[in-house]
Amino acid sequence: MPKTDWIITRRGFASTLAGAALLRAAPRKKRILILGGTGFLGPATVEAAKARGHELTLFNRGKTRPGLFPNIETLLGDRDPKIGEGLNALRNRKWDAAIDNSGNVPRIVAASAQLLAPNVKQYIYISSISAYADNSIEGQDETGKLAVTPDPSVEKVTAQTFGPLKVLSEKAAQEALPGRTAVVRPGYIVGPDDPSGRFTYWPVRIDRGGEVLDPGAPGDPVQIIDVRDLGAWLIALVEQGTVGVFNATGPKDRLAWGDLLQACRKATRSENTLTWVPGEWIAKKGEEIFPIWAPFLGETRGFHRWNCAAAVKAGLKFRPYGQTVADTLRWYKTQDEGGRTKLAGPAPAKEAELLAAWKRESGAQNG
């Protein structure tokens, strides 16, 4: 887990929430349980709940940044009831809502949902856009066909099983708390404190300067959601008692890949140029090393074109993507140089190799 300057990060949360008018106390204080709470989405949700004056309890193993929220009640245990004390710390406790952002295995989600069912009014399960079976269709809403697995007993999370396991986990939560569950399916969650280094690659790479290989075309779509916007919306769902299934992608309107990269350029003063390389060429090379981006063609044509109208109707709001870019770059630079988040994306030598190959091949074709 990356080393982070939490003084800066938490001040950043507070100032952003204030700007969004979220520091006003909620009409009624809610008791909220977060299963996890110290990873990436968890802290953003905690900060949003604190800003609204809610009472929080975290449940986790105490291994990931255990001192992050010293003034919030933390119950120790394991999501897997077969390990150690398991879920025992949750017994005989009552909450208005439980937010499950750490469950990926249906058996484990079922265990917590079933145990909490008599004692919580609402269960919010954080699923994924990977729950859908087909990425080729543009504009799919929550009724899209879901992913399936030939062996529901599999519990190992891989790139192939992640989506189907999320689907089964959704069903486990819904069956344990029928009519009291909200299923949230985010796409790429981005912003400050992101440990994946995926979105962060782009503002940092452009800030490094020089010639930047940009896969695809400027008009290709891209969908991202700032972790702070998602966290604030989860708390809004609790306050409103909202249930249902929601695609939590963003922003509200279509975002062009070129516009997002131009926002990265505006966030830095470095000298850089953008060289666009067609998605078809990248796909033929078999390269899957460019984070966030997906070819706007074939099997991934709908990958960044999910319909999030239901979530917007339920109150999901998005800050300007340029703010997310600038805040992410600023956060990255506040980290200790030796402990900075490892970036996804191609190494400089690999990027240069691809650029040279594209110029060589496209020049030969044009010549």
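This text goes with the structure placed above it.
Because the structure is a prediction, the values reported are computed rather than measured. (Residues numbered from 1 in each chain as written. Predicted model: local features only at pLDDT ≥ 70, side-chain atom pairs only at ≥ 80, totals over all residues. Heavy atoms only, no water.)

J.: Explanation requested: the packing of aromatic side chains in the structure shown.
T.: Two numbers describe a pair of aromatic rings. These are the distance of the centres and the angle of the planes. Per the counting criterion, the structure on display carries seven aromatic pairs. Ring geometry for Tyr132 against Trp306: centres 4.8 Å apart, planes inclined by 25°, an arrangement best described as stacked. Of the two residues, Tyr132 sits in the loop between strand E5 (120–126) and helix H4 (162–176) while Trp306 sits in the loop between helix H8 (279–284) and helix H9 (309–313), which places them 174 residues apart along the sequence. We note that Tyr132, like Trp306, is buried. Taken together, a centroid distance of 5.7 Å and an interplanar angle of 70° make the contact between Trp281 and Trp358 edge-to-face. Placement of the pair is Trp281 in helix H8 and Trp358 in helix H11 (residues 348–366), with a sequence separation of 77 residues. (Phe/Tyr/Trp six-rings, centres within 6.5 Å; stacked < 30°, edge-to-face > 60°. Helix = DSSP H or I, 4+ residues; strand = E, 2+ residues; numbered from the N terminus. Buried < 20%, exposed > 50% of the residue type's maximum accessible area, 1.4 Å probe, protein only.)

J.: Quick question: what am I supposed to make of the side chain of Asn247 here?
T.: Tracing the backbone shows Asn247 in strand E10 (residues 244–248). A relative accessible area of 0% means that Asn247 is categorised as buried. Engagement of the side chain of Asn247 in a polar contact is seen with the side chain of Tyr132, the distance being 2.7 Å. (Polar contact = N/O pair within 3.5 Å; in protein donor to acceptor, adjacent residues only side chain to side chain.)

J.: What should I look at first to understand helix H2 (residues 41–51) in this one?
T.: Structurally, the α-helix is built with 3.6 residues per turn, so residues lying three or four positions apart point the same way. Within H2, 10 of the 11 residues are buried, which leaves the element mostly enclosed by the surrounding structure. For H2, every residue scored as buried is listed here: Leu41, Gly42, Pro43, Ala44, Thr45, Val46, Glu47, Ala48, Ala49 and Ala51.

J.: Mind showing me how you'd approach the nonpolar core here?
T.: Proteins that are soluble and globular tend to have nonpolar side chains buried together. Ranked by size, the top nonpolar core spans 35 residues in total, and within it Ile32, Ile99, Ile124, Val184, Leu230, Trp233 and Leu234 carry the most contacts. Residue contributions to this core peak at nine residues, all from helix H6 (residues 227–240). Those residues in contact with Val184 that lie beyond four places of it in its chain are Ile124, Tyr125, Ile126, Ser127, Ser128, Leu230, Trp233, Leu234, Leu237, Phe246 and Ala248. Counting residues in each nonpolar core, the second largest holds 28 residues, with Ile206, Leu261, Ile282 and Leu354 among its members. (Core = buried A, V, L, I, M, F, W, Y, C linked by side-chain atoms within 4.5 Å. Contact = heavy atoms within 4.5 Å.)

J.: Before we go on, may I ask you to explain the sheet that holds strand E2 (residues 55–60) in this structure?
T.: Paired through backbone hydrogen bonds, the strands of a sheet run either parallel or antiparallel to each other. Taken in spatial order, the seven strands make up an open sheet running E3-E2-E1-E4-E5-E6-E10, and their pairing is parallel. The sheet terminates laterally at strand E3 (73–76) and E10, the two strands that pair on one side only. Strand-to-strand twist of the sheet, defined as the mean angle between neighbouring strand axes without regard to direction, takes the value 20°. Taken strand by strand, helix H3 (residues 106–116) contacts strand E1 (31–35), strand E4 (95–100) and E5, and its axis lies near 165° from that of E5. The sheet contacts of H4 involve E5, strand E6 (181–186) and E10, and relative to E5 the element is tilted by about 175°. (Pairing = 2+ DSSP bridges. Axes fitted to C-alpha atoms, helices over the stretch in contact; angles between N-to-C directions.)

J.: What am I meant to see in the environment of Ala256 here?
T.: With respect to the element layout, Ala256 can be found in the loop between E10 and helix H7 (257–266). In this structure the C-alpha to C-alpha distance between Ala256 and Pro43, which are 213 residues apart in sequence, comes to 29 Å. Those residues in contact with Ala256, other than ones at most four positions away along the chain, are Pro218, Gly219, Asp220 and Val222.

J.: Explain the pairing of E1 here, please?
T.: Looking along a regular strand, one sees the side chains alternate between the two faces of the sheet. Judged by how many residues are buried, E1 sits mostly within the fold: four of five residues are covered. As defined by bridge partners, E1 adjoins E2 across five bridges and the pair is classed as parallel. Along E2, the bridge assignment pairs Ile32 with Leu56. Note that the unit made of E1, H2 and E2 has a crossover that is right-handed. Summarising the sheet, E1 and E4 pair through four bridges and their orientation is parallel. (Right-handed = clockwise from strand over helix to strand, strands pointing away.)

J.: Honestly, the pattern of salt bridges in this entry has me stumped. Any pointers?
T.: Once their charged atoms are close, side chains differing in charge can pair, the charge on each being opposite to the other. Enumeration over the complete set of coordinates arrives at 24 salt bridges. With its nearest N and O atoms 3.7 Å apart, the salt bridge here joins Arg31 to Asp96. Taken together, the residues span a long stretch of sequence, with Arg31 in strand E1 and Asp96 in strand E4 at a distance of 65 residues. The exposure class assigned to Asp96 is buried, which follows from its relative accessible area of 5%. (Salt bridge = Lys/Arg side-chain N within 4 Å of Asp/Glu carboxyl O.)

J.: Got a minute to help me understand the packing of helix H5 (residues 198–208) against H7 in this structure?
T.: When two helices pack together, their arrangement is given by the angle between the helix axes and by the axis-to-axis distance. Relative orientation of the contacting elements H5 and H7 amounts to 50°, with a least axis distance of 8 Å. On the basis of the axis angle, H5 is oblique to H7. Classified by chirality, the crossing of H7 by H5 is right-handed. On H7, the residues touching Phe199, Trp202, Pro203 and Ile206 of H5 are Trp257, Leu260, Leu261, Cys264 and Arg265. (Parallel < 35°, antiparallel > 145°, perpendicular 65-115°, else oblique. Left-handed = near helix turned anticlockwise from the far one by under 90°.)

J.: Help me understand the side chain of Thr242, please; the structure alone is not making it clear to me.
T.: If you trace the backbone, Thr242 turns up in the loop between H6 and E10. Judged by its relative accessible area of 14%, Thr242 falls in the buried class. Within polar-contact distance, the side chain of Thr242 engages the side chain of Gln240 at 3.3 Å.

J.: Could you clarify how one ought to interpret the packing of H2 against H6 in this entry?
T.: Interhelical geometry of H2 versus H6 gives an angle of 55° and a closest axis separation of 8 Å. With respect to H6, the element H2 is oriented oblique. Along this stretch, H2 crosses H6, giving a crossing that reads as right-handed. Each of Leu41, Ala44, Thr45, Ala48 and Ala49 in H2 lies in contact with H6, whose residues at this interface are Val227, Arg228, Leu230, Gly231, Ala232, Leu234 and Ile235. Looking at the contact of H2 with H6 residue by residue, the classes come out as nine nonpolar, two polar and one charged. (Nonpolar A, V, L, I, M, F, W, Y, C, P; charged D, E, K, R; others polar.)

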